[in-house]
Amino acid sequence: FGLIGTVLYNKHFSNWPYKRIFTITQLVAFVISFSDFFWVRRYNMDYGISDSWFMIGMEVVQPVISRLQTMPMIVLSAQLCPDDVEATLFALMM
């Protein structure tokens, strides 16, 4: 699902300042980190979301946010690296 994050970055976030992207994705990741607490306390059942759908949703959202966090760093690194070394840099970062 990281590909979804890459597509979102290219379509919507590529013109945003990197600091704003880092701030927003970090705040979303902070909120998502409480998902285990909600799951253990069974708050998802109060909203009519079964455990399986809740965990499937978390497994989809977390990789997207993670990719959105790393994309600005990857783009900046690719701009700074020498010509014809971008693929090697990308392979080392992943």
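Residues numbered from 1 in each chain as written. Predicted model: local features only at pLDDT ≥ 70, side-chain atom pairs only at ≥ 80, totals over all residues. Heavy atoms only, no water.

Some points on the confidence of the model for the protein
Reading predicted coordinates in detail is not appropriate for stretches of low pLDDT. Which entries qualify depends on this criterion: Confidence of the prediction at every residue is given by pLDDT, a number between 0 and 100. The helix count covers DSSP runs of H or I at least four residues long, the strand count covers runs of E at least two residues long, and both are numbered beginning at the N terminus.
For the protein, per-residue confidence averages 86 on the pLDDT scale, and 99% of positions sit at 70 or higher. Per-element mean pLDDT across the protein ranges from 80 in helix α6 (residues 86–93) up to 90 in helix α2 (residues 18–32).

As for the pattern of salt bridges
Under the convention used in this document: By definition, a salt bridge exists where a carboxyl oxygen of Asp or Glu is found within 4 Å of a side-chain nitrogen of Lys or Arg. Summary of the burial criterion: residues with accessible area below 20% of their type's maximum are buried, those above 50% are exposed, and those between are partly exposed, where the area comes from a 1.4 Å probe applied to protein chains only.
Across all of its chains, the model carries one salt bridge by this definition. A salt bridge links D51 to R42, with the nearest nitrogen and oxygen atoms 2.6 Å apart. Looking at D51, the relative accessible area reads 21%, which means it is partly exposed.

Some thoughts on the packing of aromatic side chains
Rules: Stacked, edge-to-face and tilted are the three classes for Phe, Tyr and Trp ring pairs, Trp counted by its six-membered ring, which pair at centre distances within 6.5 Å; planes under 30 degrees apart are stacked, over 60 edge-to-face, the rest tilted. By definition here, charges over rings are those cases where NZ of Lys or CZ of Arg is within 6 Å of the ring centre and within 35 degrees of the ring normal.
For the coordinates displayed, the defined rule picks out five aromatic pairs. Consider the rings of F13 and W16, whose centres lie 4.7 Å apart with planes at 80°: the pair is edge-to-face. Here F13 falls in the buried class, since its relative accessible area comes to 18%. Judged by its relative accessible area of 30%, W16 is partly exposed. With 5.2 Å between their ring centres and 85° between their planes, F30 and F34 make a pair best called edge-to-face. The class for F34 is partly exposed, based on a relative accessible area of 39%. Ring-pair connections join several aromatic residues into one group, and the members of that group are F37, F38 and Y43. The residue whose ring lies beneath R20 is W16, and the NZ or CZ to ring-centre distance is 5.6 Å.

Details of a nonpolar patch on the surface
For clarity, the cut-off: Patch membership requires over 30% relative accessible area and the absence of a salt bridge. Like charges are linked within 9 Å, and nonpolar side chains (Val, Leu, Ile, Met, Phe, Trp, Tyr) within 5 Å. Shrake-Rupley sampling with a 1.4 Å probe provides the accessible areas, and residues are treated as covered by the protein chains on show and by no other component.
Nonpolar side chains collect at one region of the surface, where F30, V31, F34, F37, F38 and Y43 lie side by side and expose about 570 Å² of accessible area between them. Elements with a contribution of two residues or more to the nonpolar patch: α2 and α3 (35–40). Along the chain, Y43 turns up in helix α4 (residues 43–46).

Points about α2
Worth spelling out the cut-off: To estimate how far a helix should reach, multiply one less than its number of residues by 1.5 Å. The directions considered for the arc run from the helix axis to the C-beta atoms. The contact definition used throughout considers only heavy atoms, calling two residues in contact when any of these lie within 4.5 Å.
Its 15 residues place the ends of α2 21 Å apart at the C-alpha level, agreeing with the 21 Å of an ideal helix rising 1.5 Å per residue. Regarding α2, the residues found buried are I21, T25 and I32. Projected down its long axis, α2 shows its buried positions confined to an angular sector of 15°, all on one face. Looking at α2, the residues exposed on the side facing more than 90 degrees away from the buried face are K19, L27 and V31. Where the residues of α2 are buried, they touch α1 (2–13), α3 and α5 (51–80).

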